[in-house]
Amino acid sequence: QVQVAESGGGLVRAGDSLTLACAVSGRTFNVYHMGWFRQAPGKDRELVAAISWNGDSIFYGDSAKGRFTVSRDNVKNTVHLQMDDLKPEDTAVYFCASGRGGYYRGGGEQEYNYWGQGTQVTVSS
């Protein structure tokens, strides 16, 4: 059984940094790309970042460019999302997802078949 579990969310102030972690078990981690999504109240879920199976290809959504950094550790089966200079509009539930293939192809959520439960990030002004 594949399990995806996020951690590291919390309440921070605008301008702070926060790093989210995601652990995957039950499948061969270093074969599949990984993604971070977020969903704010009343909004659709959006892709924040995607990283290929070996980290050589990274995609960032517009909201993450220049402030967020995604990385993965294929020994520890984990992926991280470092978020700097957080803004109130970054407030959302952040989800980690394990992909269907080795590289993100631009297809959004349909490219992911295993999802975590999400972790809340709240940024106060």
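Preceding this paragraph is the structure being described.
Criteria and thresholds
Residues numbered from 1 in each chain as written. Predicted model: local features only at pLDDT ≥ 70, side-chain atom pairs only at ≥ 80, totals over all residues. Heavy atoms only, no water. Salt bridge = Lys/Arg side-chain N within 4 Å of Asp/Glu carboxyl O. Buried < 20%, exposed > 50% of the residue type's maximum accessible area, 1.4 Å probe, protein only. Disulfide = S-S within 2.5 Å. Helix = DSSP H or I, 4+ residues; strand = E, 2+ residues; numbered from the N terminus. Core = buried A, V, L, I, M, F, W, Y, C linked by side-chain atoms within 4.5 Å. Contact = heavy atoms within 4.5 Å. Polar contact = N/O pair within 3.5 Å; in protein donor to acceptor, adjacent residues only side chain to side chain.

Peer 1: Explain the pattern of salt bridges here, please?
Peer 2: Any two side chains of opposite charge can pair if their charged atoms end up close together. Per the counting criterion, the structure on display carries 6 salt bridges. Across the pair R38 and E46 runs a salt bridge whose closest N-O atoms are separated by 2.6 Å. Take E46: its relative accessible area is 32%, and that puts it in the partly exposed class. In this structure, K87 and D85 form a salt bridge, with 3.5 Å as the shortest nitrogen-oxygen distance. Here the salt bridges share partners, and the residues they tie into one network are R38, E46, R67 and D90.

Peer 1: I tried to follow the state of the cysteines on my own but got confused; where do I start?
Peer 2: What we call a disulfide is simply a covalent bond connecting the sulfur atoms of a pair of cysteines. Under the definition given, this model contains 1 disulfide. The partner cysteine of C22 in its disulfide is C96, sulfur to sulfur 2.0 Å. Its torsion about the S-S bond being -85 degrees, the disulfide of C22 and C96 is classed as left-handed. Of this pair, C22 sits in strand β3 (residues 18-25) while C96 is found in strand β9 (residues 92-99), placing the two residues 74 residues apart along the sequence. A relative accessible area of 1% places C22 in the buried class.

Peer 1: I keep staring at the nonpolar core and nothing clicks. Help me out?
Peer 2: General note: in soluble globular proteins, nonpolar side chains tend to be found buried as a group. Grouped together as the largest cluster of nonpolar side chains are 26 residues, with contacts concentrated most on W36, L81, M83 and Y94. At the level of elements, β3, β4 (34-39), β5 (46-51), β7 (68-73), β8 (78-83), β9 and β11 (119-124) are the ones that each hand at least two residues to this core. Sorting elements by how many residues they give to this core places β3 first, with 4 residues. Residues contacting L81, with those up to four places away along its chain left out, are L18, T19, L20, W36, V48, A49, F68, T69, V70 and Y94. Formed by 7 residues, the second largest nonpolar core is a distinct cluster that contains F37, A50, A97 and Y104.

Peer 1: Looking at this model, I keep getting lost on the environment of E109. Mind explaining?
Peer 2: Relative to the assigned elements, E109 resides in the loop between β9 and β10 (112-115). Residues E109 and V24, spaced 85 residues apart in sequence, show a C-alpha to C-alpha distance of 18 Å. If near-sequence neighbours (up to four positions away) are discounted, E109 is found in contact with F37, R45 and W115. Within polar-contact distance, the side chain of E109 engages the side chain of R45 at 3.1 Å.

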